Amino acid sequence: MATPAADGFAAKVNTAADTYTAASDALELNKWNHIAIVINVPSKSFTSYINGKVASQVDDTEIELKQLFSGQKEAGQFLIGKSLNSDAATLNAKLHDFRIYRIPLNNRQVGWINFSALHKEEAEEMMRNRQEAELQEFSESTPQLYNAWLTEVPAIEVETEVGFLPRLPRFVKGVYGNNIEGPDVRVLWPAPEDNSDVQKVGKYTVTGRVAGTDIEPKAIVTVVEHNHDHDAPHRTLEAFNLDEVQLTEDLHHHETKFVENRDKFVDGLLETNPDDFLYMFRNAFGQEQPEGAKPLGVWDSQETKLRGHATGHYLSALAQAYSSAAYDPAIQAKFADKMEYMVNTLYDLAQLSGTPKTAGGESVADPLAVPPGPGKEGFDSDLSEDGIRTDYQNWGKGFISAYPPDQFIMLEHGAKYGTDNDKVWAPYYTLHKILAGLMDIYEVSGNEKALDIVEGMGDWVHARLSVVPTETLIDIWNTYIAGEFGGMNEALARLSRLTNDKSYLETAKLFDNIRVFFGDAEHSHGLAKNVDMFRGLHANQHIPQIMGALEIYRDSKESEYFDIADNFWNKATGDYMYSIGGVAGARNPANAECFTAQPATLYENGFSVGGQNETCATYNMLKLSRNLFLYNQQAELMDYYERGLYNHILASVAEDSPANTYHVPLRAGSVKHFSNAHMDGFTCCNGTALESNTKLQNSIYFRSADNDALYVNLYVPSTLKWTDKNITVTQTTAYPKEDNTTLTISGSGKFDLNVRVPHWATEGFFVTINGKKEAVDAEPGSYLTISRKWKDGDKVELRMPFHFYLEPVMDQQNVASLFYGPVLLAAQEEAPRKEWRKVTLDAEDISKSISGDPEKLEFEIDGVSYKPFYETYGRHSVYLDVTLK
């Protein structure tokens, strides 16, 4: 409780055992005052700040945050301007801003917040150059892990074409002393920002480094003539429909994490009221709200410029839940009703745009002729009850959104991101979600109205953007957040395929992020030529753009679009990836949602204090990995998919509800934070969570386009109905709590069975068919093909012995995560930590230092418990300071 009064200011904390009061002088009247209260659990202090300076501090406190919240009269009740005590006076003051931080702010941070409020423009400029506090420091000359025994890294040779930067291997064979069998060596190669080194035929040498050593590996690069007939791969695989794959119990009839998370979201979605998700659409069009309709909160509230984004995710989730719920026709029917209601309402609203409100009345059908709102001289993003425009007759034919068209038009004229009425918030990002959701519904239900809405808005977008100069588009799409367009290029390329209208494919190309994709308007370099142009950028602003490039390639067959996607994936997973599969979270730039300022510098520039690994960024990385695999069956794509699925997506859901994570903090002694338990207030990650957890089975199996091959990518208890072959495959397993799985074939037919041999399966991969051991040559990080004419009842048993292994941070190798098979193990912490947890492991066999129960995935090191990160809900350490002896 914080109380400003005439005789002084007091901040008070009451726990069951103690009362702590930080008292100071009274606040000055009739002026703005900035008040901050910081409860620092690790430091055992309780501090009050007035106008950026410490006013009073109490030390030696014994406070846990759960003590504060468990004592409320009503769970989750916070009062501003009124005490929880009913007899206390209310606050006689104006409030401008109120914030709750999940980490204890220090003096500098509190001072910065106060300064930022008073000096907005100066603060924004300073923010661009601000860096967060450094991590624990280690000597740069101290060899780390196995590098202590490393004696040499022989030179390698690679080849590339003129104009294309070479793809240098990140791991190279090393030579070790003292009879140590060390792993391949992580080499940190320089990362050019252009392709000037490869402009002519010839040879040149690249010199790398190995963290903690003075070894400088060499790569001799041969540059050959560019092959203009170079073809990117064809799409040779297809996914199964969601209703063809069902998640099941495990081998021991236990509910899996997949089924558990699916049911949390299916049950939650069943309880939702579609009118809540339509509220802001009706509000924008000036329509009455049905009885019982309530606006969503967070990013979908009245004046939030991103409102409507959650509706797009909701549409996709309904479509996926409908298809996935083939196991229960009653549930399917409920989702079918919700889909139809949503589409019918949005269709009716879309039909209003650009048409007279009354017969014979005036209207503006041309999207290029949209005027400012009534009584306004220009466009603005005012969405307040009194300020929002609802003159839909002037918005152009086909327009649909939860806000008027102003934000789209303002963006064309250079509007930046912000909350003021002359600022915008990613209008095309929101639109992408809506269009994608409508197409998802169209594809599972055949509802033509859904496709009609998308076509109408596609025409509206084409009309406006087709006349915007290329240089302006380059500026727009590289504007932080304001120019974030999600996967508009993906949506429009998909629309082109669904309608067989190539104009939409050309509209998709208008969303090319030319600087990132091609370097410049002349397509001189960029990702198309393997140049990293996304370092330091907002991660989830750009990952969906890459997915869009791949979707454009699907129909255009222009190889540079495939190269963009392929090169990006290789760089993102190789140079920016944390152990859980997330790819962003930087101290430099100081933004938890950005890639680090330079590749392969996670320790130097990563591990943001505010958390990292935005969950929706991993959602998009999995989507990209899955779709790349349909073209190029490299096992590393599905190895990554397994990593991100188990160790981030499954780990992102709360224990007892569908609440989920936004950022996942990975510093020592961190704790996950979950939100949106009741699906009533969405951030971006709350939105993608609806989608992720209604399609968990979508990449377990793929089939070849000619139906001659089946790919088993993930080892998840499930049943596949391969409709085209009249084959059913039942996968029975307790994986990842056991290291084996059984595939039972029902039906008969000849096809290749391709099973993934995980990259970590270095202890062997064993195959038994109908009880007979097969002699196979299974290479870790590949697919094993079993070709035969299958008979009804055939059983294929796969066993891949799990083992412990470390995954170090590339530029600070002693800081590493511990894995057991596919599962990331997290140390279960009792309190926050300021330094990484130290562990010492046996160099020849790290398992000698670890005890526990593999079937429960519960282990112990030095008396500390380790569990799967996806079963961790308290404080955790997923990175350790490891010493080998």
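Up top is the structure these notes are about.
The model shown is predicted, which means the values in this text are computed figures rather than measured ones.

J.: Before we go on, may I ask you to explain the overall build of the protein in this structure?
T.: The helix and strand inventory of the protein stands at 20 helices and 38 strands. Taking 29 Å as the expected radius of gyration for a compact globule of 885 residues, we find that the protein reaches 28 Å, a close match to that expectation. For the protein, the spread of C-alpha atoms along the three principal axes comes to 80 × 75 × 60 Å. Within the span of the protein, comprising 885 residues, buried residues form 57% of the whole.

J.: Is there a simple way to think about a nonpolar patch on the surface in this case?
T.: Judged by side-chain polarity, Ile-80, Leu-91, Leu-95, Phe-98 and Ile-100 come together as a nonpolar surface patch covering roughly 510 Å² of accessible area. Relative to the helices and strands, Leu-91 is located in the loop between α1 (65–70) and α2 (107–118).

J.: Help me out: how do you make sense of helix α5 (residues 274–284) in this one?
T.: Residues three or four positions apart in an α-helix share a direction because the helix packs 3.6 residues into each turn. Most of α5 sits out of view: 11 of its 11 residues are buried. Of the surrounding secondary structure, the elements contacted by the buried residues of α5 are α6 (309–324), α7 (329–352), α9 (427–445) and β19 (681–682). Phi turns positive one or two residues past the end of α5, at Gly-286, with a value near 70 degrees.

J.: What's the story with the nonpolar core in this structure? I'm lost.
T.: Soluble globular proteins tend to pack their nonpolar side chains together in the buried interior. The biggest cluster of nonpolar side chains holds 238 residues, and the ones touching the most others in it are Tyr-428, Phe-568, Leu-710, Leu-753, Leu-818, Tyr-866 and Leu-884. Once residues within four sequence positions are removed from consideration, Tyr-866 is found in contact with Leu-818, Leu-825, Ala-826, Ala-827, Arg-837, Val-839, Leu-857, Glu-858, Phe-859, Glu-860, Ile-861 and Leu-880.

J.: Mind showing me how you'd approach the sheet that holds strand β23 (residues 727–733) here?
T.: Taking strand neighbours across the sheet as the criterion, the seven strands line up as β15-β22-β23-β24-β29-β26-β27 in an open arrangement whose pairing is antiparallel. Each end of this open sheet is capped by a strand with a single partner; those strands are β15 (245–247) and β27 (772–774). Averaged over all adjacent pairs, the angle separating strand axes in this sheet is 20 degrees, with direction ignored. Note: β15 against strand β22 (residues 718–722), three bridges, orientation antiparallel. Counted as the bridge partner of Leu-247 is Ser-718 from β22.

J.: So what exactly am I meant to see when it comes to the sheet that holds strand β13 (residues 218–224) here?
T.: Pairing between the strands of a sheet is mediated by backbone hydrogen bonds and can be parallel or antiparallel. One open sheet holds the three strands; their spatial order is β8-β13-β12, and the pairing between them is mixed. Looking along the sheet, the strands with just one partner apiece sit at the ends: β8 (156–161) and β12 (202–207). Recorded for the sheet is a direction-independent mean angle of 25 degrees between the axes of neighbouring strands.

J.: I tried to follow the packing of aromatic side chains on my own but got confused; where do I start?
T.: For any pair of aromatic rings, geometry is given as the distance between the ring centres together with the angle between the planes. What the rule picks out here adds up to 56 aromatic pairs. Aromatic rings pair up to connect Phe-285, Tyr-392, Trp-395, Phe-399, Tyr-403, Phe-408, Tyr-428, Trp-460, Trp-477, Phe-485 and Phe-511 into one cluster. Across the ring face of Phe-164, the terminal group of Lys-529 is positioned such that the distance to the ring centre comes to 5.9 Å. The side chain of Lys-725 reaches across the aromatic face of Trp-722, ending 5.7 Å from its centre.

J.: I'm lost on the environment of Phe-265 in this one. Help?
T.: Mapped onto the elements of the fold, Phe-265 is located in helix α4 (residues 257–271). Overall, Phe-265 belongs to the buried group, its relative accessible area being 1%. Residues Phe-265 and Ala-659, spaced 394 residues apart in sequence, show a C-alpha to C-alpha distance of 9.1 Å.

J.: How should the pairing of strand β5 (residues 45–50) be read in this particular structure?
T.: Walk down a regular strand and you will see the side chains alternate between the two sheet faces. Burial within β5 is extensive, with six of its six residues counted as buried. Pairing analysis gives six bridges linking strand β4 (residues 35–40) to β5, with the strands arranged antiparallel. Residue pairing in the sheet places Asn-40 in a bridge with Ser-45 of β5. When β5 meets strand β6 (residues 53–59), the two strands line up antiparallel, connected through six bridges. Bridge assignment links Thr-47 to a residue of β6, and that residue is Gln-57. Connecting β5 to the antiparallel partner β6 that follows it, the hairpin turn spans two residues, and Asn-51 within it adopts a positive phi of roughly 55 degrees.

J.: I would appreciate a short explanation of the pattern of salt bridges in the present structure.
T.: Note that side chains of opposite charge can pair when their charged atoms are close. One pass over the full model with this rule turns up 30 salt bridges. Of the charged contacts, one joins Glu-829 and Arg-837 as a salt bridge, the two residues approaching to 2.6 Å between their closest N and O atoms. Across the pair, exposure class does not vary: Glu-829 and Arg-837 are buried alike. Residues joined in a network through salt bridges with shared partners are Arg-497, Glu-551, Arg-554 and Asp-555.

J.: Quick question: what am I supposed to make of the packing of helix α13 (residues 502–509) against helix α15 (residues 539–556) here?
T.: Each pair of packed helices can be described by the angle between their axes along with the distance between the axes. At a minimum axis distance of 11 Å, the contact between α13 and α15 shows a crossing angle of 145 degrees. For the pair α13 and α15, the crossing hand works out as left-handed. Residues Leu-505, Ala-508 and Lys-509 of α13 pack against Ile-552, Asp-555 and Ser-556 of α15. In terms of residue class, the contact of α13 with α15 is built from three nonpolar, one polar and two charged.

J.: Explain α9 here, please?
T.: Between its first and last C-alpha, α9 extends 27 Å over 19 residues, near the 27 Å set by a 1.5 Å rise per residue. Extensive coverage of α9 is indicated by the burial of 16 of its 19 residues. Positioned one or two residues after α9, Gly-446 has a phi angle of 75 degrees, which is positive.

J.: Can you walk me through the packing of α6 against α7 in this structure?
T.: Contact geometry for α6 and α7: axes closest at 9 Å, N-to-C directions at 145 degrees. Along this stretch, α6 crosses α7, giving a crossing that reads as left-handed. Of α7, the residues touching α6 (which contributes Thr-311, Tyr-314, Leu-315, Leu-318, Ala-319, Ala-321, Tyr-322 and Ser-323) are Gln-332, Phe-335, Ala-336, Lys-338, Met-339, Met-342 and Leu-346. Taken together, the residues of the contact of α6 with α7 sort by class into 11 nonpolar, three polar and one charged.

J.: What is the right way to read unusual backbone geometry from this model?
T.: The general pattern is negative phi for most residues beyond glycine and trans for most peptide bonds. Of note, the amide linkage connecting Asn-588 to Pro-589 takes the cis form, showing an omega dihedral of -5 degrees. Looking at the element boundaries, Pro-589 is found in the loop between α16 (559–575) and α17 (602–605). In the segment running from Tyr-735 into Pro-736, the intervening peptide bond is cis, with an omega of 10 degrees. Tracing the backbone shows Pro-736 in the loop between β23 and β24 (740–746). In this model, Phe-607 sits at a positive phi of 55 degrees, which is unusual for a non-glycine residue. Locating Phe-607 in the fold gives a position in the loop between α17 and α18 (615–629). With a relative accessible area of 0%, Phe-607 lands in the buried category. Residue Asn-707 is not a glycine yet carries a positive backbone phi of 60 degrees. Overall, Asn-707 belongs to the buried group, its relative accessible area being 14%.

J.: Is there a simple way to think about the pairing of strand β29 (residues 795–799) in this case?
T.: Here β29 shows a clear split, with Val-796 and Leu-798 buried on one side and none of Lys-795, Glu-797 and Arg-799 buried on the other. Across five bridges, β24 lies against β29 in antiparallel orientation. Looking across to β29, one finds that Leu-743 is bridged to Val-796.

J.: Got a minute to help me understand the environment of Thr-479 in this structure?
T.: Structurally, the position occupied by Thr-479 is in the loop between α11 (470–477) and α12 (488–499). Overall, the relative accessible area of 13% leaves Thr-479 in the buried class. Counting along the chain gives 204 residues from Thr-479 to Asp-275, while the straight-line C-alpha distance between them is 33 Å. In contact with Thr-479, other than residues within four places in its own chain, are Ala-415, Lys-416, Glu-484 and Gln-541. A polar side-chain atom of Thr-479 sits 2.7 Å from the main-chain carbonyl oxygen of Asp-475.

J.: Mind showing me how you'd approach the environment of Glu-448 here?
T.: Residue position: Glu-448 is located in helix α10 (residues 448–465). By relative accessible area, Glu-448 is classed as partly exposed at 47%. Between the alpha carbons of Glu-448 and Leu-438 there is a distance of 10.0 Å; along the sequence they are 10 residues apart.

J.: In this structure, what is going on with the side chain of Arg-837? I would like to understand it.
T.: Checked against the element boundaries, Arg-837 lands in strand β33 (residues 837–841). On the basis of relative accessible area, Arg-837 is assigned to the buried category, the value being 17%. A polar contact of 2.6 Å, which involves the side chain of Arg-837, links it to the side chain of Glu-829. What Arg-837 contacts, discounting residues up to four positions off in sequence, is Ala-827, Glu-829, Val-864, Tyr-866, Leu-880 and Asp-881.

Procedures and definitions
- Residues numbered from 1 in each chain as written.
- Predicted model: local features only at pLDDT ≥ 70, side-chain atom pairs only at ≥ 80, totals over all residues.
- Heavy atoms only, no water.
- Helix = DSSP H or I, 4+ residues; strand = E, 2+ residues; numbered from the N terminus.
- Rg over C-alpha atoms; globule rule 2.2 N^0.38 Å.
- Buried < 20%, exposed > 50% of the residue type's maximum accessible area, 1.4 Å probe, protein only.
- Patch = residues over 30% accessible without salt bridge, like charges linked within 9 Å, V, L, I, M, F, W, Y side chains within 5 Å.
- Areas by Shrake-Rupley, 256 points an atom, 1.4 Å probe, with all protein chains shown as cover.
- Salt bridge = Lys/Arg side-chain N within 4 Å of Asp/Glu carboxyl O.
- Contact = heavy atoms within 4.5 Å.
- Core = buried A, V, L, I, M, F, W, Y, C linked by side-chain atoms within 4.5 Å.
- Pairing = 2+ DSSP bridges.
- Axes fitted to C-alpha atoms, helices over the stretch in contact; angles between N-to-C directions.
- Phe/Tyr/Trp six-rings, centres within 6.5 Å; stacked < 30°, edge-to-face > 60°.
- Lys NZ or Arg CZ within 6 Å of the ring centre and 35° of its normal.
- Left-handed = near helix turned anticlockwise from the far one by under 90°.
- Nonpolar A, V, L, I, M, F, W, Y, C, P; charged D, E, K, R; others polar.
- Expected span 1.5 Å × (residues − 1).
- Polar contact = N/O pair within 3.5 Å; in protein donor to acceptor, adjacent residues only side chain to side chain.

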